[in-house]
Amino acid sequence: MGMAAAESQQYHVLAVDDSIIDRKLIERLLKTSSYQVTTVDSGSKALEFLGLQENDETNPITPCVSPKIHQDMEVNLVITDYCMPGMTGYDLLKKIKESSSLRNIPVVIMSSENVPSRITRCLEEGADEFFLKPVRKSDLNRLEPHIKRTKLKDQKQETLQKVENIDEQQQQQIVQPDSETIIEQQQQSLQQGNSNKRKTMEQGISPETDRTRPRYNSGIATVV
Amino acid sequence: MLGLGADLLWVDMNRLLSFLFHQGVLDEQFLQLQQLQDETSPNFVSEVVNIYFHESEKLLRNLRELLTEKELSEYKRIGMHLNQLIGSSSSIGAKRVTNVCLAFRAATDQNNRAGCLRALEMLEHEYCYLKNKLHELFQIEQQRALAARVRYPVQN
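Residues numbered from 1 in each chain as written. Chains lettered and ligands numbered in written order. Predicted model: local features only at pLDDT ≥ 70, side-chain atom pairs only at ≥ 80, totals over all residues. Heavy atoms only, no water.

This part takes up the UniProt feature "modified residue: 4-aspartylphosphate" (unreviewed entry) in chain A. Residue and element names in this part refer to chain A. The positions that UniProt labels "modified residue: 4-aspartylphosphate" (unreviewed entry) are, in the present scheme, D81. You can see D81 is positioned in strand β3 (residues 77-81). The residues contacting D81, other than those within four sequence positions of it, are V16, D17, D18, G89, M110, S111 and K133. (UniProt positions renumbered as here; feature names shortened; annotations may be inferred. Helix = DSSP H or I, 4+ residues; strand = E, 2+ residues; numbered from the N terminus. Contact = heavy atoms within 4.5 Å.)

Here it is, written out as structure tokens:
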């Protein structure tokens, strides 16, 4: 999927609420704001939809990729009720933020009760917004910045990854394929001090720079 | 004459709505519901309200059952039912019902059985009143829609 038509792009929101009325409401609110919506009635179903099994504590790095159709639908934001039986919205938030594949997805918490400590707790755990119920259409205007910010971050990481790959390829072309020559040059540079280091750097080989070059691969699967 | 009928019904509907707002039976959230209704979802309000009626009647039955037990020890369960009712009532803008539920919840927090029974009576009364008024509203709306359609017949 290309990122070309950014303006008309439909974002996909996963809404979680155990109340059928609130699910209907949030679904309608989101649809009239041009979002694609999926609603589920529990935190565990939400995790299932996101491709993460609930008991995935042993190996949180590898999500269980289920062969269901909805795995092709990228989720751009999760909005969840706080008070739910079983897994609360807070528990769901934690699970998402603990997952290396899901932690970048913005999460919004909704609650009918205005409890400051609850709000703080959620925001500290990584929630991007906290909405008081009943949710209004105007509240939904606060969603897009979070989605866009995440998309921009993902795009930047993708681009940096590509630049790095090209960079590495070019570096390999400059350096002679003969490994003995490389070792010789490295030994020379170590023995002769700064001036030679500068020389080897100009030639494109630098063992120090290679070690300290920052890695941008954060382990997030680049799902397109 | 028919056109006039549709307009009169429109006036009736607005009069009823104003009345309900003035009495605190409904609040702004009900207007939000109406604003979510359009050509793509023309029956949104009645759909949501009918779900609300269905869910609420289940909860009210449960509450009645729990409170008529000889030994009342299920205050926690009563509280849970009330939380659901409070949530759904405020979501559709049923202000008076919500407020009565809040008072009911306070009575359960105090393990006050007599208070709970009184609150339940009041809740059942408020709920019935709300249901009747909303049905009236939907009826007027239906009639108005019909009359409006007759007013603008298909042109040759």
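Back to the text.
Three- or four-residue spacings in an α-helix give side chains the same orientation, since the helix completes a turn every 3.6 residues. Residue and element names in this part refer to chain B. Here helix α5 (residues 95-109) contains 15 residues, and its C-alpha end-to-end distance of 21 Å stays within 8% of the 21 Å for a straight helix at 1.5 Å per residue. Taken together, the buried positions of α5 are occupied by V97, T98, V100, C101, F104, A107 and T108. A positive backbone phi angle near 50 degrees is found at N111, which sits one or two residues after α5. (Expected span 1.5 Å × (residues − 1). Buried < 20%, exposed > 50% of the residue type's maximum accessible area, 1.4 Å probe, protein only.)

Now for the packing of helix α3 (residues 44-67) of chain B against helix α4 (residues 75-92) of chain B. Residue and element names in this part refer to chain B. α4 packs onto α3 with a crossing angle of 160 degrees between their chain directions and a minimal axis gap of 10 Å. When the axis of α3 is compared with that of α4, the two are roughly antiparallel. In the crossing of α3 with α4, the sense of the turn from one axis to the other is left-handed. On α4, the residues that touch V48, Y52, S56, L59, L60, N62, L63, L66 and L67 of α3 are R77, I78, H81, L82, Q84, L85, S88, S89 and I92. Grouping the constituent residues of the contact of α3 with α4 by class yields 11 nonpolar, 6 polar and 1 charged. (Axes fitted to C-alpha atoms, helices over the stretch in contact; angles between N-to-C directions. Parallel < 35°, antiparallel > 145°, perpendicular 65-115°, else oblique. Left-handed = near helix turned anticlockwise from the far one by under 90°. Nonpolar A, V, L, I, M, F, W, Y, C, P; charged D, E, K, R; others polar.)

On to the packing of helix α2 (residues 43-50) of chain A against helix α3 (residues 89-98) of chain A, then. Residues and elements named next belong to chain A. For the pair α2 and α3, interaxial distance at closest approach is 9 Å and the crossing angle is 25 degrees. As judged from the angle between their axes, α2 and α3 are roughly parallel. Judged by the twist between their axes, the crossing of α2 over α3 is right-handed. Residues G43, A46, L47 and L50 of α2 form the contact with α3, whose participating residues are L92, K95 and I96. Its residues assigned to classes, the contact of α2 with α3 shows 5 nonpolar, 1 polar and 1 charged.

Attention now goes to the UniProt feature "domain: HPt" (unreviewed entry) in chain B. Sequence positions flagged by UniProt for "domain: HPt" (unreviewed entry) are, in local numbering, residues 41-137 of chain B. Between the end C-alpha atoms of residues 41-137 of chain B there is a gap of 18 Å, over a span that is 85% helix and 0% strand.

Take the pattern of salt bridges next. Throughout the structure, instances matching the rule amount to 24 salt bridges over all chains. Among the salt bridges present, the one from K45(A) reaches D41(A), with a minimum N-O distance of 3.0 Å. Taking the shortest distance from any N to any O, the salt bridge between R96(B) and E126(B) comes out at 2.9 Å. A residue pair is termed long-range when its members are at least 10 positions apart, and R96(B) in helix α5 and E126(B) in helix α6 (residues 113-151) qualify at 30 residues. Put simply, D17(A), D22(A), D81(A) and K133(A) are held in one network by salt bridges that share partners. (Salt bridge = Lys/Arg side-chain N within 4 Å of Asp/Glu carboxyl O.)

All names here are of chain A. One open sheet holds the 5 strands; their spatial order is β2-β1-β3-β4-β5, and the pairing between them is parallel. Either end of the sheet is taken by a strand with one partner, and the two such strands are β2 (36-40) and β5 (129-132). Taken over all neighbouring pairs, the strand axes of this sheet differ in orientation by 20 degrees on average, direction set aside. Relative to β3, strand β1 (residues 12-16) runs parallel, the two sharing 4 bridges. Considered in β3, the bridge of L14 is made with V78. Packed onto the sheet, α2 meets β1, β2 and β3 and runs at close to 155 degrees relative to β1. (Pairing = 2+ DSSP bridges.)

The next thing to look at is the pairing of β3(A). All names here are of chain A. With respect to burial, β3 is a largely interior element, 5 of its 5 residues being buried. In this sheet, strand β4 (residues 107-111) lies alongside β3 in parallel orientation, the contact comprising 4 bridges. Following the sheet pairing, T80 is matched in β4 by I109. Traced from β3 through α3 to β4, the parallel crossover comes out right-handed. (Right-handed = clockwise from strand over helix to strand, strands pointing away.)

Opposite the 12 residues of chain A that make contact, chain B presents 19 residues. When the two sides are added together, the surface that chain A and chain B hide from each other amounts to roughly 1400 Å², 64% of it contributed by carbon and sulfur. Of all residues in chain A, I21(A), K24(A) and R28(A) give up the largest surface area on contact with chain B, accounting jointly for 44% of the area buried on that side. Taken together, chain A and chain B are joined by 3 salt bridges. Here E28(B) makes a salt bridge to R136(A), at a shortest N to O gap of 2.8 Å. (Buried area = accessible area lost by both parts, 1.4 Å probe.)

Turning to the side chain of S91(B), a few remarks are in order. With respect to the helices, strands and loops of the structure, S91(B) is situated in helix α4. At 2.4 Å, the side chain of S91(B) forms a polar contact with the side chain of D22(A). Contacts of S91(B), omitting those with residues within four sequence positions, involve I21(A), D22(A), L25(A), P134(A), Q29(B) and L33(B). (Polar contact = N/O pair within 3.5 Å; in protein donor to acceptor, adjacent residues only side chain to side chain.)

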